[in-house]
Amino acid sequence: MSHRSRRRFLREVATAGAVVTADRFFGSLAKAQTATAQASGVTRLYLDTRRTRATLDRNVFGSFLEHLGRAIYEGIYDPGSALSDSNGFRKDVLEEIRKLNVPIVRYPGGNFVSGYNWLDGVGPKHDRPRVLDKAWNALNSNQFGTNEFLAWCNAAGTQPLLAVNLGTGTPEEAAALVEYCNVEKGTRWSDLRKKHGVAEPHRVQHWCLGNEMDGPWQIGHMPAMEYGLKAADAGRQMRYVDGGLTLVACGSSGPGMSTYLEWDRTVLEQCYPYVDAISLHRYFTNEGAETGGDSTKFLALNLSMEKQIAEVASVCDFVRGRLKSPKKLWLSFDEWNVWYRARKGSAVDGNRQEAPHLLEEVYNLEDALLVGGCINTLLRSADRVRIGCLAQLVNVIAPLMTNASGLVLQTILYPYSWALRYAGGEVLELAVEDAAAYEISATEKAPYLDVAGTYRGTDGVVSLFVLNRDLAKARQLEVSWEGKAATKVSTSLVLTGTDLKAVNDFGAPNRVVPKDADKPVTSGGRTMIEVPPRSYSIFQWQS
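For every chain, the first residue of the written sequence is number 1, and numbering continues from 1 along that sequence. At least 70 in pLDDT is required for a residue's local features to be given in this predicted model, at least 80 for side-chain atom pairs to be given and counted, and no such filter applies to totals for whole chains, interfaces and linings, which use all residues. The basis for every side-chain value is the complete set of non-hydrogen atoms in the structure, without hydrogens or water.

Visitor: Is there a simple way to think about the overall build of the protein chain in this case?
Guide: For the purposes of this entry, the term helix denotes a DSSP run of H or I that reaches at least four residues, the term strand denotes a run of E that reaches at least two, and both are numbered from the N terminus. Counting its regular elements, the protein chain contains 13 helices and 26 strands. Along the first, second and third principal axes, the C-alpha atoms of the protein chain reach 75 × 60 × 45 Å. Any two residues whose heavy atoms approach within 4.5 Å are treated as being in contact. Long-range pairs, those at least 24 residues apart, make up 75% of the contacts in the protein chain between residues at least 6 apart in sequence. Total accessible area on the protein chain is roughly 20,900 Å²; 49% of this is exposed by carbon and sulfur atoms. Here, Shrake-Rupley sampling with a 1.4 Å probe gives the accessible areas, and only protein chains in the shown set may cover a residue.

Listed below in structure tokens is the structure:
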């Protein structure tokens with residue numbers, strides 16, 4: 001390989017999100033095969049199960065529920081419905097979430113939490129106040145609160161990620177909630193929980209210290225220095241109550257913020273010793289300056305998500321160095337999804353109604369493909385990202401939609417469900433060679449094929465997740481197995497279609513569904529895969 005073409009190869013590998021180069025790991029073998037791959041148009045992937053990035057924390061595929069729109073009421077909780085159990089929990093929704101095996105769910109917000117008094121949502125239901133949620137201009141009956149959510153988590157087989165109010169709330173109130181949830185007995189707030197009929201402590205481990213406090217839209221919005229000091233105080237007080245907590249500081253709301261990264265630095269310089277992670281948020285749009293409605297640019301946005309992760313991680317490490325701390329923070333990407341259609345007017349104004357129809361985004365095929373790309377990004381970032389929350393879970397920018405008679409699976413559910421079902425063990429360190437790419441800006445390219453994978457050493461299962469961004473043609477992927485090749489294909493599924501704008505709804509719930517893909521054939525240590533255009537695929541091998 002010439003010096004010039006080698007530089008080009010390294011640049012394309014970096015664009016693809018690959019974190020190693022074939023030249024680095026496989027030397028002369030990769031060089032000798034380069035010309036053949038270029039001539040054939042095949043993207044070659046080197047897979048060595050001995051080379052891994054990190055152990056995958058399943059919490060990276062968590063989700064989110066906020067007191068917003070119909071996420072709670074008519075979503076997971078609907079006591080007047082024939083579809084609900086004796087606790088008021090929607091049985092069809094519970095069944096689907098159990099089937100998905102969602103590992104962790106963030107609650108109760110979101111913007112909502114910054115004006116929420118948790119005491120309004122505990123105790124006898126007839127005594128709970130009906131209050132105005134100023135974040136979304138809606139009415140909250142408070143019939144569903146902390147104890148109901150934690151009971152629902154037990155029923156759903158998931159763990160809670162509780163957010164505390166650091167907008168209008170105080171560090172003392174946050175510590176009181178920890179005491180209410182986690183102390184067994186003998187204190188003011190633990191005894192109140194017992195009085196409310198919950199004898200055993202909930203033992204909630206994961207906590208968010210507020211939500212998007214950098215945003216001018218946020219109730220209690222404050223400068224970074226002020227929030228950092230408040231988060232430090234909250235962290236100290238919460239840990240005085242329970243020393244085993246895992247705490248997530250509130251990071252930038254997204255790269256579009258004028259204070260992006262500077263906020264994170266300033267906050268962490270105040271609270272670094274008292275937290276374990278910092279949050280990231282991101283919502284993707286296919287309009288305006290971000291893509292101009294260009295689907296080819298839209299399907300590459302997960303690469304900017306990858307860049308965001310790297311940038312925030314760098315800030316964490318910078319502060320760590322300045323403070324000479326032995327602790328390395330990890331990242332909580334606890335809000336992410338596609339969201340741009342249901343984002344203005346009546347879609348975000350509750351008009352002082354209970355359970356208004358807010359943020360009810362209807363997802364199409366291209367949205368699902370980008371969600372698949374984001375899954376790949378989270379996999380490749382598993383060395384730093386330990387929690388991730390697809391926002392949200394039901395009805396509000398969600399993969400599940402309900403009405404009075406049932407539910408529908410939106411298109412984005414399928415790549416999310418594949419991550420939960422098939423990703424596990426160690427995230428593979430994949431080397432990609434000769435990835436054909438296209439321009440997404442004057443200075444950036446995106447590879448047509450975006451690949452991530454995991455290896456489960458306990459039973460020898462290899463899983464590859466493949467996004468084909470090419471809207472017109474199939475692409476060839478050659479997997480070169482370094483070591484023993486896996487030959488038994490246990491799963492081969494693809495999500496694709498001819499219409500990128502196709503959606504699933506109650507009238508036609510199966511317009512966009514996965515189908516069986518052609519099973520890859522392995523011979524001589526190589527597996528050839530033809531990846532359909534406009535597709536996201538999962539291939540799994542059992543050794």
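That was the structure; now back to the text.
Visitor: Would you take a moment to explain the sheet that holds strand 3 (residues 62–64) for this structure?
Guide: Whenever strands of a sheet pair, they do so through backbone hydrogen bonds, lying parallel or antiparallel. Taken in spatial order, the 8 strands of this closed barrel run 3-4-7-8-9-10-11-12, and their pairing is parallel. Across the sheet, the mean angle from the axis of one strand to that of its neighbour is 30°, orientation sign disregarded. In the sheet, strand 8 (residues 206–209) pairs with strand 9 (residues 246–249) via 3 bridges, with the strands oriented parallel. Paired with W207 across the two strands is L247, which belongs to strand 9. Think of each axis as a best-fit line through the C-alpha atoms, taken over the contacting stretch in the case of a helix, with angles from 0 to 180 degrees between the N-to-C directions. Where helix 4 (residues 146–156) meets the sheet, its contacts fall on strand 4 (104–107) and strand 7 (159–164), and the angle it forms with strand 7 comes to roughly 155°. By the convention used here, strands pair only if DSSP detects at least 2 bridges between them.

Visitor: Would you mind showing me how to read the nonpolar core here?
Guide: One recurring pattern in soluble globular proteins is that nonpolar side chains are buried together. Counting residues in hydrophobic clusters, the biggest one holds 137 residues, and the most contacted among them are F61, W152, W207 and Y227. For this core, the element with the highest residue contribution is helix 12 (residues 365–380), accounting for 9 residues. With sequence-adjacent residues up to four places away left out, W152 is seen in contact with L65, I76, F89, L94, I97, V105, F144, T158 and L393. Side-chain atoms within 4.5 Å are what join buried Ala, Val, Leu, Ile, Met, Phe, Trp, Tyr and Cys residues into a set we call a nonpolar core. Remark: exposure states derive from per-residue accessible area (1.4 Å probe, protein chains only) relative to the maximum for the residue type, with buried under 20%, exposed over 50%, and partly exposed in between.

Visitor: I'm lost on the pattern of salt bridges in this one. Help?
Guide: Close approach of charged atoms lets side chains of opposite charge pair. We define a salt bridge as a side-chain nitrogen of Lys or Arg found within 4 Å of a carboxyl oxygen belonging to Asp or Glu. Counted by the stated rule, this structure contains 33 salt bridges. A salt bridge links R44 to E478, with the shortest nitrogen-to-oxygen separation between them at 2.9 Å. Residue R44 is found in strand 1 (residues 43–47), and its partner E478 is found in strand 21 (residues 475–481); the two are separated by 434 residues along the sequence. Taken as a pair, R44 and E478 share a single burial class, namely buried. The salt bridge involving D233 is made with R236; its shortest N-O contact spans 3.8 Å. One end of the pair is D233 and the other is R236, both in helix 7 (residues 224–241) and 3 residues apart, which spans about a single turn. For D233, a relative accessible area of 27% puts it in the partly exposed group. Judged by relative accessible area, R236 falls into the partly exposed class, the value being 28%.

Visitor: How do you make sense of the packing of helix 12 against helix 13 (residues 413–422) when you look at a structure like this?
Guide: Packed helix pairs are specified by the crossing angle of their axes together with the interaxial distance, meaning the distance between the axes. Running from N to C, helix 12 and helix 13 point in directions that differ by 25°, and their axes come no closer than 7 Å. Between helix 12 and helix 13, the crossing angle belongs to the class labelled roughly parallel. Where helix 12 approaches helix 13, its residues A368, V371, G372 and I375 are matched on the opposing element by P415, Y416 and A419. Side-chain classes are defined by residue name, with Ala, Val, Leu, Ile, Met, Phe, Trp, Tyr, Cys and Pro counting as nonpolar, Asp, Glu, Lys and Arg as charged, and the others, Gly among them, as polar. Residues of the contact of helix 12 with helix 13, tallied by class, amount to 6 nonpolar, 1 polar and no charged. Angular relationships are summarised with four words: roughly parallel below 35 degrees, roughly antiparallel beyond 145, roughly perpendicular across 65 to 115, and oblique for the angles in between.

Visitor: Even after reading the chapter, I still don't get the state of the cysteines, so can you show me in this structure?
Guide: In a disulfide, the sulfur atoms of two cysteines are held together by a covalent bond. We call a pair of cysteine sulfur atoms a disulfide whenever their separation is within 2.5 Å. As enumerated under the stated definition, the model contains 0 disulfides in all. Its sulfur unpaired, C208 is 7.0 Å from the next cysteine sulfur, which belongs to C389. With relative accessibility at 3%, the residue C208 sits in the buried group. The thiol sulfur of C374 is not disulfide-bonded, and the nearest other cysteine sulfur, from C389, lies at 14 Å.

Visitor: What's the story with the side chain of S535 in this structure? I'm lost.
Guide: Position of S535 among the secondary structure elements: in strand 26 (residues 535–542). Every residue in contact with S535, bar those within four places of it in the chain, is listed here: L369, V466, L467, N468, V494, L495 and T496.

Visitor: Explain helix 11 (residues 302–323) to me, please; I cannot follow it from the model alone.
Guide: Side chains of residues three or four places apart in an α-helix project in the same direction, reflecting 3.6 residues per turn. If you check helix 11, its first and last C-alpha atoms are 32 Å apart, about what 22 residues at 1.5 Å a residue would give, namely 32 Å. Among all positions in helix 11, only N302, L303, M305, E306, Q308, I309, V312, A313, V315, C316 and V319 are buried. In the segment just after helix 11, K324 is the residue with positive phi, at about 55°. In this analysis, the expected span of each helix is defined as 1.5 Å times one less than the number of residues it contains.

Visitor: Teacher, can you tell me more about the sheet that holds strand 22 (residues 488–495) here?
Guide: Strand order in the open sheet formed by 7 strands is 2-15-19-20-26-22-23, and the pairing between neighbours is antiparallel. Each end of this open sheet is capped by a strand with a single partner; those strands are strand 2 (52–55) and strand 23 (515–516). Sheet analysis places strand 19 (residues 449–456) next to strand 20 (residues 461–468), joined by 8 bridges and oriented antiparallel. Along strand 20, the bridge assignment pairs V451 with V466.

Visitor: Would you mind showing me how to read the packing of aromatic side chains here?
Guide: Given two aromatic rings, their pairing is described by the distance between the two centres and the angle made by the two planes. Any pair of Phe, Tyr and Trp rings, taking the six-membered ring for Trp, is counted once the centres come within 6.5 Å. Such a pair is stacked with planes under 30 degrees apart, edge-to-face with planes over 60 apart, and tilted for the rest. Within the structure shown, the criterion is met by 15 aromatic pairs. Relative to F144, the ring of Y107 lies with its centre 6.1 Å away and its plane at 75°, an arrangement referred to as edge-to-face. Of the two residues, Y107 sits in strand 4 while F144 sits in the loop between strand 6 (138–140) and helix 4, which places them 37 residues apart along the sequence. The pair Y107 / F144 is uniform in exposure class, with both members buried. Ring plane angle 70° and centroid distance 5.7 Å describe the contact between W118 and W189, whose orientation is recorded as edge-to-face. Of this pair, W118 sits in the loop between strand 4 and strand 5 (131–133) while W189 sits in helix 6 (residues 188–195), placing them 71 residues apart in sequence. Given a relative accessible area of 8%, W118 falls into the buried group. Residue classification places W189 among the buried positions, given a relative accessible area of 14%. Ring pairs connect the aromatic residues Y73, Y77, F89, Y107, F144, F149 and W152, which therefore count as one cluster. In this arrangement the basic side chain of R106 is found over the ring face of F64, its NZ or CZ atom lying 4.6 Å from the centre. Taking NZ or CZ as reference, R475 lies 3.9 Å from the ring centre of Y448, over its face. Consider the ring centre and the ring normal. A charge sits over the ring if Lys NZ or Arg CZ is within 6 Å of that centre and within 35 degrees of that normal.

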